[in-house]
Amino acid sequence: MDDGSGLTAAEAARRLAADGPNQLPADEARGLLHLALEVVREPMVGLLLAAGAIYLALGSVGEAVVLGVGILLIIAIELYQEWRAERALAALRQLSSPRALVLRDGEPTRIAGREVVVGDVALLAEGDRVPADGVLLEAEHLAVDESLLTGEALGVDKRADPAAFAMAPPGGDATPFVYSGTLVTRGRGRLLVRATGRDSAIGRIGASLSAVEGEDTPLHREIRRVVLVAAVFGVAVCLLVAVLYAGLVGSWLQGLLAGVALAISMTPEEFPVVLTVFLALGAWRLSRRNVLTRRSLAIEALGAATVLCADKTGTITRNRMAVAQLDVGGERLAVAAEGPVTLPERFHDLAEALRLASQRDPVDPMERACDELTARALAGTEHVHDDWERLREYPLARDRLALSEVWRAPDARRALIAAKGAPEAIADLCHLDAAASERMAARVAAMAADGLRVLGVARAYCEAAELPADPHQFDFDCLGLVGLADPPRADVRQAVAESRRAGVRVVMITGDHPLTAERIAAEIGLAEGAALVGAELDALDDAALAARLRTTQVFARVLPEQKLRLVNALKAAGAVVAMTGDGVNDAPALKAAHIGIAMGGRGSDVAREAAAVVLLDDAFASIVAGIRMGRRIYDNLRRAMVFIIAVHIPIAGVALIPLLLKWPLVLSPLHIAFLELVIDPACALAFESEAEEPDIMDRPPRPAGEPLLSRAMVTSGVLQGLGVVGAVLAVFAVALARGLEPADARTLTFATLVLSYVGLILSNRSLHRSLLSTLRVANPTAWLVCGGAVALLALVILLPPVRAAFQFTVLHPLDVAVCVGAATAATVAFEVMKWAGRRRSGDAPRPRRPPAGGPSE
């Protein structure tokens, strides 16, 4: 047994060298170059770099430079997001390794927490972070907040037991064990360190993160597939054009160069650009709402979430105790957690005594709750006594779980004694008879059934000069009871309701008491009924757990490894899982989920490091905003992808068909470069700015495994493109048939092609609604892109030097009418196709379905 005198400095140095520092195991620091390499390794950026290299090889320096600037911009956006995330996590080591006061050579010495070693004796006081795991040699009214490890909202009392040896798991009252990173909320103690660094409870959780594989989002996998298909398609087109050109014209070299150039223009390199820009801008939009995305693909994945696993403490609730009820003589009064409080007259004495029996500027959560309530309820009344003198305190003791404060008003001879504490301790101080004690116990039980932690409050008077040594000698009167709770956030109920409308099932997972969890669940409209307790969960095999998951919304007394099992079980059932949390105990589940969402304001940095999304304001409603943003991004991505397919079909058709028919060539590299000036901003900016569909949160999540580019979407894009090909080549054929010069025919054809692209932009703003209804929804960016395309076309045709470079001629009013008419016909054809599609589906919304993993109701 340790004598409590601590280590010598020499012995501490030896142990530090042998065991290593008292800090969490860390990955190598990610510098700017490392972050940049991570971004460059993304397939979409790699494709852009490859395209730039081909441009350089072909001597197209201008195109290579423009593409290079775009790549640098994309990398800069990603680096900025990563930098913000890394900066938000920089305090991790301070949490796991706080400053510590230890005995060295018998003297109290303040050292860095990383220097604490096994065998050290640390001195603990109210407000301190515990520097390491260990057993208490001494404890004086010591209470510790262990919610970081257990999810339990209330602090737990501690007792000393120098003989205790084997460390028990965190949680539970009256234990002699304390744990690294937890907060001392009351009292003082002396700690013998038993475990540091990776061997501590917080260290073991941190180490387990390395064994949990992160989950790629469905969109990430889909984009890789699309990029591969696009690359194969580009190579095939290159070879086809080279063979055709060589066979018809007789030049293999020119054919190969033409094929490579056409493949670059046809291969939809906009896919990765669009994905990166959409997600980067989505991350920026969410950051303005205090939502930090550490991995931007997680934004889109949020839109596909079918189950949202929400930690109760600090996520659904505020992780801050508040007075919820007052009881005077059996009459109960509910108290709002925020805002002004108006108390009936008969509750004033209870509030006055509660304030006098509470600490000023407290650390303990219950003390803070009592102080906040009385400050709100008594402000401006005669029951606030800031000028009174405190004469004495009767502190908590092992045999008296009540605190008594003795106060005297100025110039008064009598003193007032205010006491608060455990109801049974207050009943004892008031010397209640058996019948009165039973009535009080019944009131306490009724409040406890609501998940409240109950305190009793009493008051006594005596002569100021006659203060006894034991507060039992005062003649106390019981004034009433105070019920405290960790209340839900104000916006959670609405967010849960909106999630249910969106087909996203909300599941509460907490380490707290089942009664408390059930009350909170009922209060936020989540579920009625019994919670599944962690001990019961352990007794279920995988099949039985899967069955219970379909009907259970609330899980209580859940340990970290059980949270991880729940996430994995939901994933096995086919759910796309979003997991929220703020404690160290949540980190493995956050990393295993498809989308880990950490609380940034009050959450632990370990949780933030494991998560893909961090809520800087801890607002539950921000999760719903993320789901809405993810769905909007996915819808807009699909619009952009259909547009990209549609606009590349005409490039291929207008390049290949005249070659096969031995007509004059229409498109040169300069023309293709001009078309890229229309295509790129349209797909990257115009569609990204499109507002969400009105029913975006009134439809279920998209089916698991649904590809980004479905067969119907590809068909739609191809049909649109073929419609444009038909309109453009019809204009070209008629012009040649009328005997126009190739330059005149080329001008008509190119103008029709550009105007058709404008029609495609406007029509694809919605894949379901009509063009007329879409035009009523504001999107200034889309109009700016369309207007810019028409203005550029006009400049090319009207400015003689540019017109000559493009081998164009001047268009007459009749020519303009022909071009506008042909482009309008192509747009109307697509609108008719959309109308027919709506008729086939009967204009009915998709049927609602419960998300994977269980029903949403």
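Computed from a prediction, not measured in an experiment: that's the story for all the values here.

Asker: Could you give an account of the side chain of Glu831, naming the residues involved and the relevant values?
Answerer: Residue position: Glu831 is located in helix H31 (residues 813-841). Within the structure, Glu831 has its side chain in polar contact with the side chain of Lys834 (distance 3.0 Å). Discounting chain neighbours no more than four positions away, the residues touching Glu831 are Ser763, Ser770 and Leu771.

Asker: Explain the packing of helix H27 (residues 742-763) against helix H29 (residues 780-798) to me, and be specific about the residues and the numbers.
Answerer: Two elements in contact, H27 and H29, have axes separated by 9 Å at closest approach and are oriented at 175°. Relative to H29, the element H27 is oriented roughly antiparallel. Between H27 and H29, the residues in contact are Thr747, Phe750, Ala751, Val754, Leu755, Val758, Ile761 and Leu762 and Trp783, Val785, Cys786, Ala789, Val790, Leu793 and Ile797, respectively. Tallied by class, residues from the contact of H27 with H29 come to 14 nonpolar, one polar and no charged.

Asker: So what about unusual backbone geometry? Which residues, and what values?
Answerer: Backbone geometry places Asp105, a non-glycine residue, at a positive phi of 55°. Residue position: Asp105 is located in the loop between strand E1 (100-104) and strand E2 (107-111). The backbone of Asp411 shows a phi angle near 65°, a positive value even though the residue is not glycine. Take Asp411: it is sitting in the loop between strand E13 (402-408) and strand E14 (414-421). Note on Asp411: relative accessible area 84%, which makes it exposed.

Asker: How would you sum up the nonpolar core? Please name residues and give values.
Answerer: Membership of the largest hydrophobic core comes to 108 residues, with the highest contact counts inside it found for Met508, Ile595, Ile597, Phe620, Phe643 and Tyr757. When residues of this core are assigned to their parent elements, the largest contribution, 18 residues, is made by helix H24 (residues 620-661). Ignoring sequence-local partners within four residues, the contact set of Ile597 consists of Leu302, Leu308, Ala578, Met579, Thr580, Gly581, Leu590, Ala611, Val613, Leu615 and Ile623.

Asker: Explain the confidence of the model for the protein to me, using residue names and the numbers behind them.
Answerer: Predicted confidence across the protein gives a mean pLDDT of 81, with 80% of residues reaching 70 or more. Low pLDDT, under 50, characterises residues 88-97; the stretch is placed with 27 contacts to residues that sit more than four places away or in other chains. Counted against residues more than four places away or in other chains, residues 843-857, with its pLDDT under 50, gives 44 contacts.

Asker: Report on the pattern of salt bridges, specifying residues and quantitative values.
Answerer: All chains considered together, the criterion is met by 31 salt bridges. The shortest N-O distance in the salt bridge between Glu498 and Arg628 comes to 2.6 Å. Pair noted here: Glu498 is in helix H17 (residues 492-501) and Arg628 is in helix H24, with a separation of 130 residues, a long-range link. Overall, Glu498 belongs to the buried group, its relative accessible area being 13%. For Glu690, the salt bridge is made with Arg765, and the minimal N-O distance between the two is 2.7 Å.

Asker: Help me get a handle on the sheet that holds strand E17 (residues 505-509), residues and values and all.
Answerer: To summarise the sheet geometry, strands pair through backbone hydrogen bonds and adopt either a parallel or an antiparallel arrangement. Strand order across the open sheet formed by eight strands is E8-E22-E21-E20-E9-E17-E19-E18, with mixed pairing between neighbours. The open sheet has two free edges, formed respectively by strand E8 (291-293) and strand E18 (532-533), since each of these has just one partner strand. Sheet contacts for helix H21 (residues 560-572): strand E9 (307-311), E17, strand E19 (554-556) and strand E20 (577-581); angle to E20, the most-contacted strand, approximately 160°.

Asker: Give me the lowdown on the pairing of strand E16 (residues 477-485), citing residues and values where you can.
Answerer: Of all nine residues in E16, seven are buried, a share of seventy percent or more. The pairing of strand E10 (residues 322-328) with E16 spans five bridges and is classified as antiparallel. What sits directly across from Gln325, in E16, is Gly483. Pairing between strand E15 (residues 453-463) and E16: seven bridges, direction antiparallel. Each bridged residue has a counterpart across the sheet, and for Val457 the counterpart in E16 is Gly480.

Definitions and limits used
Residues numbered from 1 in each chain as written. Predicted model: local features only at pLDDT ≥ 70, side-chain atom pairs only at ≥ 80, totals over all residues. Heavy atoms only, no water. Helix = DSSP H or I, 4+ residues; strand = E, 2+ residues; numbered from the N terminus. Polar contact = N/O pair within 3.5 Å; in protein donor to acceptor, adjacent residues only side chain to side chain. Contact = heavy atoms within 4.5 Å. Axes fitted to C-alpha atoms, helices over the stretch in contact; angles between N-to-C directions. Parallel < 35°, antiparallel > 145°, perpendicular 65-115°, else oblique. Nonpolar A, V, L, I, M, F, W, Y, C, P; charged D, E, K, R; others polar. Buried < 20%, exposed > 50% of the residue type's maximum accessible area, 1.4 Å probe, protein only. Core = buried A, V, L, I, M, F, W, Y, C linked by side-chain atoms within 4.5 Å. pLDDT = per-residue confidence, 0-100. Salt bridge = Lys/Arg side-chain N within 4 Å of Asp/Glu carboxyl O. Pairing = 2+ DSSP bridges.

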